[in-house]
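Listed here are the chains, written in short residue letters.
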Amino acid sequence: MSVYEKLQALNITLPAVVTPAAAYVMYAQSGNTVYLSGHLPKKDGKIWVGQLGKDTTTEEAKLAARSIAIDLIATLQAACGGDLKRVKRIVKLMSLVNSTPDFTEQHLVTNGASELIGEVFGEQGKHARSAFGVAQLPLGACVEIEMIAEIA
């Protein structure tokens with residue numbers, strides 16, 4: 001099953017690529033490697049805010065991470081000139097989780113993105129990953145995720 005068939009089977013329509021919120025670009029390419037800038041989750045058209053261990057649950061933030069993965073795939077599609085078939089592999093995800101000092105489930109939050117990337121890209125979606133707890137994120141977002149991919 002192709003990436004596009006998997007997206008359709010998951011009832012996912014890729015959104016328009018978001019515009020940068022500051023002085024950066026949404027992706028940069030060096031050789032066959034594409035670096036995607038950090039993406040923030042949205043809920044009802046607004047930044048999904050919250051802090052894990054305070055006012056946001058692991059399951060809520062896992063859904064936020066999944067929503068980021070959809071946006072990352074849309075940005076990756078743009079980086080591939082509109083053709084996700086050019087993706088050779090997802091190399092790495094880095095996740096920042098807005099959390100209190102005693103919250104320790106950043107890895108479970110990040111699974112929301114990792115699991116969807118795996119479903120969509122299959123073997124090519126198996127990636128290295130880091131998940132960090134941070135004191136705050138831009139605009140109060142609960143999660144921020146960036147991605148590195150190899151394309152043909």
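In short, a report on the structure.

What counts and how
- Residues numbered from 1 in each chain as written.
- Predicted model: local features only at pLDDT ≥ 70, side-chain atom pairs only at ≥ 80, totals over all residues.
- Heavy atoms only, no water.
- Axes fitted to C-alpha atoms, helices over the stretch in contact; angles between N-to-C directions.
- Helix = DSSP H or I, 4+ residues; strand = E, 2+ residues; numbered from the N terminus.
- Parallel < 35°, antiparallel > 145°, perpendicular 65-115°, else oblique.
- Left-handed = near helix turned anticlockwise from the far one by under 90°.
- Contact = heavy atoms within 4.5 Å.
- Expected span 1.5 Å × (residues − 1).
- Bend = angle between axes of the 7 residues up to and from the residue.
- 1 Å grid on protein atoms, 1.4 Å probe; cavity = no way out; pocket = protein on both sides within 12 Å on 5 of 7 lines; lining within 4 Å.
- Points joined across faces, edges and corners; volume = space filled by probe spheres on them.
- Nonpolar A, V, L, I, M, F, W, Y, C, P; charged D, E, K, R; others polar.
- Buried < 20%, exposed > 50% of the residue type's maximum accessible area, 1.4 Å probe, protein only.
- Salt bridge = Lys/Arg side-chain N within 4 Å of Asp/Glu carboxyl O.

## Things to note about the packing of helix α2 (residues 58-79) against helix α3 (residues 106-121)
Next, step 1: Two elements in contact, α2 and α3, have axes whose closest approach is 7 Å; the angle formed by their N-to-C orientations is 40°. Taken together, α2 and α3 sit at an angle that is classed as oblique. In the crossing of α2 with α3, the sense of the turn from one axis to the other is right-handed. Judged by residue contacts, T58, A61, K62, A65, R66, A69, I70, I73 and L76 of α2 engage L108, V109, N111, G112, A113, E115, L116, I117, V120 and F121 from α3.

## A short note on α3
Next, step 1: Look at α3: 23 Å from first C-alpha to last across 16 residues, which is about the 22 Å you get at 1.5 Å a residue.
Next, step 2: Remark: the principal bend of α3, roughly 35°, maps to G112.
Next, step 3: On the buried face of α3, the contacting elements are α1 (3-9), α2, β5 (87-98), β6 (128-134) and β7 (143-151).
Next, step 4: Two residues or fewer after α3 comes G122, characterised by a positive phi angle close to 60°.

## Re the layout of surface pockets
Next, step 1: By volume, the largest pocket amounts to about 270 Å³.
Next, step 2: Residue lining of the largest pocket: 15 residues in total, with A21, Y24, G38, H39 and L40 positioned closest to the centre.
Next, step 3: Counting residues per element, the lining of the largest pocket draws most heavily on strand β2 (residues 33-39), at three residues.
Next, step 4: A breakdown of the residues in the lining of the largest pocket according to their chemical character gives nine nonpolar, four polar and two charged.

## A closer look at unusual backbone geometry
Next, step 1: Positive phi values are uncommon outside glycine, yet N11 reaches one of about 60°.
Next, step 2: In this fold, N11 is placed in the loop between α1 and β1 (27-30).
Next, step 3: On the basis of relative accessibility, which here comes to 72%, the residue N11 falls in the exposed class.

## A word on the environment of V91
Next, step 1: Its location among the elements puts V91 in strand β5.
Next, step 2: A relative accessible area of 33% means that V91 is categorised as partly exposed.
Next, step 3: Each C-alpha atom, one on V91 and one on V17, is 21 Å from the other, the two residues being 74 residues apart in sequence.
Next, step 4: Those residues in contact with V91 that lie beyond four places of it in its chain are H127, A128, I148, A149 and E150.

## Here's the deal with the side chain of T75
Next, step 1: As for its position among the elements, T75 is in helix α2.
Next, step 2: A relative accessible area of 0% means that T75 is categorised as buried.
Next, step 3: For T75, the contacting residues outside a window of four places in its chain are V17, M26, Y27, L36 and H39.

## Considering the pattern of salt bridges
Oppositely charged side chains may form a pair once their charged atoms are brought near each other.
Next, step 1: Taken as a whole, this structure holds three salt bridges when the rule is applied.
Next, step 2: For the salt bridge of K88 with E150, the shortest nitrogen-to-oxygen distance reads 3.7 Å. Taken together, the positions of K88 in strand β5 and E150 in strand β7 put the pair 62 residues apart, joining distant regions of the chain.
Next, step 3: Exposure remark for K88: the relative accessible area of 44% places this residue in the partly exposed category.
Next, step 4: The closest approach of N and O atoms between K126 and E123, which form a salt bridge, is 2.8 Å.
Next, step 5: We classify K126 as partly exposed; its relative accessible area is 49%.

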